[in-house]
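Here is how the chains run, residue by residue.
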Amino acid sequence: MKYLDCFRAIARHRTDEIVVASAGNSCQAWWAATRDSVGSFYLDASMSLSTMFASGLALAQPELKIWAFMGDGAFCMNPGMLMVERQMNLPNLAHFLVSNRAYGATSNAGLPNFKDNDYAAIARGMGLERVFEFSSLETLERDFPALKASNAPGHTFVVLEVEPFSGDEQKMEQPPFDGPELKFRFGRHIESVTGCSVFGYRI
Amino acid sequence: MRGKTSESARRIADELASCGVKLVASLPDNWVMDVIDTIEHDDRFIHVPVNREESAIGLCSGAYMGAMGSAALMGASGFMTVVYALTKINYTYEIPLFLMATLRGAVGDRHKHHVSNGLYLLPVLDAISMPYRIIDKPDDISSISRCYRHTRTYSRPMAVLFTRDLLRGGL
């Protein structure tokens, strides 16, 4: 499955979900697919912390549905995050592991043990129950609505097997925002949809 | 001495609650076990034990974006592993974060494996321009609220560092 096609398909199924994208390619792909700068937080250079960030947000705002993307390069730096996620077991969090079997943000540099890593098995081994895998656009389009509609308890882990970015795709634009601008755009959006006060004052 | 240290832990918990902290993400250090135990059993908090200190930084940063007060609690050694996360998330996006750590390797710490923390913890904090306050006695615990509020003004992280005298007594 092409990386960008996969993200465009997921974007088509999105309704009101809040998104946290991870360093490198997932930020590029989500920005290309959506151009969203308010309901998506591009946690660039976070190196394995996008789903922890998303977990904190999901815990704080349980009525929001949170999607968090993370590449398998980031995942292999901190797979123990799944222990924390399983322990928190937040039903409003979906962790999308984007498996391109490479360090995509660094020109597809080699990932350790990339041929044999079984991310779904790792997740199940840590006790996660809602584990899904998609390796083709057809099954993603077919089954994603059921995944999204499910009202089962516990957080969701989705493995997306995608092709690494091509050379041309690597040149796609990064979300063109400095950190504080993203913080305020995103935070004001969270305030508007929940009524909470992130920054302690309103403008 | 256990009674005195538990009293410090209770006062730390009260101080955190008073400034709106709900989530506490922790990784242990022997010195903060009373604090962790107190928070774990206090209904005012959601305590999340994490797999590594960087995960605490991610969790607390996300909680901030959801308007939930939070604190990361860790040992000095753990702090030494989170510089990347702090600078990339909390400095880049200017996301406040309140961090509590132990002042290991200082006078009174008899563990030789913490000598490196004694040598480098404070210089590392200075190197990343991260403000900190050392809390050495129970009467100083009330400064936690001021430091917490400073993270919201400063829009970056700040640490309070607990000494052995505070957490374990001065023996």
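Scroll up to find the structure.
Remember, predicted model here, so these are calculated numbers, not experimental data.

Colleague: Can you walk me through the sheet that holds strand S4 (residues 97-102) of chain B in this structure?
Modeller: Remark on secondary structure: sheet strands pair via backbone hydrogen bonds, oriented parallel or antiparallel. Residues and elements named next belong to chain B. In spatial order, the strands read S2-S1-S3-S4-S6-S5; together these 6 strands make up an open sheet with parallel pairing. Each end of this open sheet is capped by a strand with a single partner; those strands are strand S2 (46-49) and strand S5 (132-135). In this sheet, neighbouring strand axes are inclined to one another by 20° on average, regardless of whether the strands run parallel or antiparallel. Direction of pairing for S5 relative to strand S6 (residues 157-162): parallel, over a ladder of 4 bridges. Its bridge partner lying in S6, Ile135 is registered against Phe162. The strands touched by helix H3 (residues 53-65) are strand S1 (21-26), S2, strand S3 (69-74) and S4; relative to S3, the strand with the most contacts, the crossing angle is about 170°.

Colleague: What is the right way to read the sheet that holds strand S2 (residues 40-42) of chain A from this model?
Modeller: All names here are of chain A. Pairing within the open sheet is parallel, and its 6 strands lie in the order S2-S1-S3-S4-S8-S7. Only two strands of the sheet have a single neighbouring strand rather than two, namely S2 and strand S7 (130-134). Strand-to-strand twist across the sheet, computed as the mean angle between neighbouring axes with direction ignored, equals 15°. Bridge count for strand S1 (residues 18-21) against strand S3 (residues 66-71) is 3 bridges, and the pairing is parallel. Looking at the pairing, Val19 lines up with Trp67 of S3. Lying over the sheet, helix H3 (residues 50-60) contacts S1, S3 and strand S4 (93-99), oriented at roughly 170° with respect to S3.

What counts, and where the lines are drawn
Residues numbered from 1 in each chain as written. Chains lettered and ligands numbered in written order. Predicted model: local features only at pLDDT ≥ 70, side-chain atom pairs only at ≥ 80, totals over all residues. Pairing = 2+ DSSP bridges. Helix = DSSP H or I, 4+ residues; strand = E, 2+ residues; numbered from the N terminus. Axes fitted to C-alpha atoms, helices over the stretch in contact; angles between N-to-C directions. Contact = placed C-beta atoms within 7 Å.

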